[in-house]
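What the coordinates show
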Amino acid sequence: MKDNLINSGKTLFQKIPEALPAPSFTILLDTKNKLTTFIFSKYETPSMKKIIVIILVAFIIIQFFPIDKTNPAPTPGMDFLKIKNTPENIAHTLRTSCYDCHSNETKYPWYSSIAPTSWWVKNHIDEGRKHLNFSTFAVYEPKRQLHKLEECIEMVEKKEMPLESYYIGHQDAKLSDEQRADLVLYFKKIKEDTERKIMFSK
Ligand code: HEC
């Protein structure tokens with residue numbers, strides 16, 4: 001009887017592997033059909049258990065590599081909003097939609113405490129600051145400022161910024177069409193001011 005079961009199990013196993021659903025827990029919970037359970041436990045259990053243990057252990061190990069959440073020292077007098085004397089409504093939009101990645105005043109969300117999402121968040125912040133840092137905007141040469149403002153106009157108009165993934169946990173960062181239009185208008189105004197400054201300094 002035992003041999004029979006193993007044999008029938010083997011034949012079935014060889015015949016239908018493609019027809020089986022992907023490895024899953026529900027199959028293991030199916031105790032009604034003993035034959036199915038037998039086949040699946042032979043076929044799935046050891047490797048599934050192993051995979052889950054490996055994933056768990058890896059998850060625990062990577063928690064020992066947290067990200068550095070210290071913001072760079074403040075640089076008073078260099079901040080975009082200060083030097084441009086930005087109106088409060090625009091300043092508010094920039095703070096809620098851009099400053100976490102493009103300034104030294106980053107507020108880290110809760111999921112930045114858990115690897116691997118923490119690494120992904122950190123990468124956005126490092127890259128964001130490298131490309132454009134509003135906290136040190138005054139350090140840029142006027143020509144560079146002009147270029148950054150042009151990019152800001154383009155990124156906001158084309159809805160490429162803020163990064164869509166940022167909306168997870170930052171619903172308030174989503175820009176309405178009106179907010180986008182206001183931002184673009186403001187960046188254009190600052191761009192014209194900067195162009196004028198460059199012209200007069202020649
Ligand atoms: C979640 C982080 C995040 C947020 C929020 C965010 N950005 Fe970015 N931004 C990035 C990253 C990362 C890059 C660089 C690489 C890329 O384009 O993906 C970037 C690139 C840019 C660039 C291009 C600079 C260059 O050198 O090409 C501009 C301009 C920019 N962002 C403006 C903004 C503005 C304006 C906002 C707010 C409306 C904003 N970003 C919000 C992460 C962010």
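The residue count restarts for each chain, going from 1 along the sequence in the order it is written. Where totals are concerned, whole chains, interfaces and linings use all residues; where local detail is concerned, this predicted model gives features only for residues with pLDDT of at least 70, and gives and counts side-chain atom pairs only at 80 or more.

1. Re the overall build of the protein chain
- Per the secondary structure count, the protein chain includes ten helices and zero strands.
- When the helices and strands of the protein chain are placed in sequence order, the string is α-α-α-α-α-α-α-α-α-α.
- Think of it as a crowd count around each C-beta: if 20 or more other C-beta atoms lie within 10 Å the residue is buried, if 12 or fewer it is exposed, and in between it is partly exposed, with C-beta placed from the backbone throughout. Within the protein chain, buried positions represent 17% of all 202 residues.
- What counts as a contact is two residues whose backbone-derived C-beta atoms lie within 7 Å of each other. Pairs at least 24 apart in sequence give 76% of the contacts found in the protein chain among residues at least 6 apart. Secondary structure elements follow DSSP: runs of H or I of four or more residues count as helices, runs of E of two or more count as strands, with numbering from the N terminus.

2. Topic: the site of the ligand
- Residues in contact with the ligand amount to 18 residues; listed here are only the nearest, C98, C101, G128, E151 and M161.
- When contributions to the shell around the ligand are tallied by element, the ones reaching two or more residues are α7 (99–102), α8 (117–131) and α9 (142–157).
- Amino acid classes used here: Ala, Val, Leu, Ile, Met, Phe, Trp, Tyr, Cys and Pro are nonpolar; Asp, Glu, Lys and Arg are charged; the rest, including Gly, are polar. Looking at the shell around the ligand, its residues break down into ten nonpolar, five polar and three charged. All residues are tested the same way: a C-beta atom is placed from the backbone, and lying within 6 Å of a molecule or strand makes the residue near it.

3. Considerations on the nonpolar core
- The nonpolar core criterion groups buried Ala, Val, Leu, Ile, Met, Phe, Trp, Tyr and Cys residues into a set whenever they are joined through C-beta atoms within 7 Å. One finds F80, L94, C98, Y99, C101, V121, I125, L132, F134 and F137 forming the largest nonpolar core, which totals ten residues.
- Apart from the residues lying within four places of it in its own chain, the contact partners of F137 are M78, D79, F80, I83 and Q145.
- Listed in part, the eight residues of the second largest apolar core include L149, C152, Y186 and I190.

4. Overview of the UniProt feature "transmembrane region" (unreviewed entry) in the protein chain
- In the UniProt entry, the feature "transmembrane region" (unreviewed entry) is given for residues 51–67.
- When the span residues 51–67 is considered, its composition is 71% helix and 0% strand, and the gap between its end C-alpha atoms is 27 Å. UniProt positions are given in the numbering used here, feature names are shortened, and annotations may be inferred rather than shown by experiment.

5. Let's talk about the confidence of the model for the protein chain
- For every residue, the predictor states its confidence as a pLDDT score lying anywhere from 0 to 100. Overall, the predicted model of the protein chain reaches an average pLDDT of 84, with 77% of residues at or above 70.
- Predicted confidence for residues 1–16 stays below pLDDT 50, and this span has seven contacts to residues more than four positions away or in other chains.
- Confidence over residues 35–43 falls short of pLDDT 50; this stretch has 13 contacts with residues more than four positions distant or in other chains.

6. Focus on the packing of α9 against helix α10 (residues 177–200)
- Here the axes come from fitting lines to C-alpha atoms, over the contacting stretch only for helices, and the angles between their N-to-C directions go from 0 to 180 degrees. Across the interface, α9 lies against α10 with an axial gap of 9 Å and an inter-helix angle of 160°. In terms of their interaxial angle, α9 and α10 are classed as roughly antiparallel. Crossing angle aside, the handedness with which α9 passes α10 is left-handed. Across the interface between the two elements, P142, K143, Q145, L146, L149, E150, C152, I153, V156 and E157 from α9 touch R180, L183, V184, F187, K188, I190, K191, T194, E195, K197 and I198 from α10.
- Classifying every residue of the contact of α9 with α10 by side-chain character gives eleven nonpolar, two polar and eight charged. Oblique is the label for every angle not falling under 35 degrees (roughly parallel), over 145 degrees (roughly antiparallel), or within 65 to 115 degrees (roughly perpendicular). By convention, the crossing between two helices is left-handed when the near helix turns anticlockwise from the far helix through less than a right angle, and right-handed when the turn is clockwise.

7. So, helix α6 (residues 88–97)
- Among all positions of α6, only T93, L94 and S97 are buried. Along α6, the residues classed as buried sweep out an arc of 95° about the axis, all on the same side.
- Contacts made by the buried residues of α6 are with α5 (80–83), α7 and α10. Starting at the helix axis, one direction is taken to each C-beta atom, and the arc is that of these directions.

8. Brief notes about the environment of S97
- Summarising the element assignment, S97 is placed in helix α6.
- Judged by local crowding, S97 falls into the buried class, with 23 C-beta atoms found within 10 Å.

9. Brief notes about unusual backbone geometry
- The linkage connecting A115 with the following residue, P116, adopts the cis geometry, with an omega of 5°.
- In this structure, the amide linkage connecting M161 to the following residue, P162, adopts the cis form with an omega of -5°.
- Considering the arrangement of structural elements, one finds P162 in the loop between α9 and α10.
- Phi is positive for N85, close to 50°, though the residue is something other than glycine.
- Among the structural elements, N85 can be located in the loop between α5 and α6.
- At K159, a position not held by glycine, the phi torsion is positive, near 60°.
- Within the fold, K159 resides in the loop between α9 and α10.

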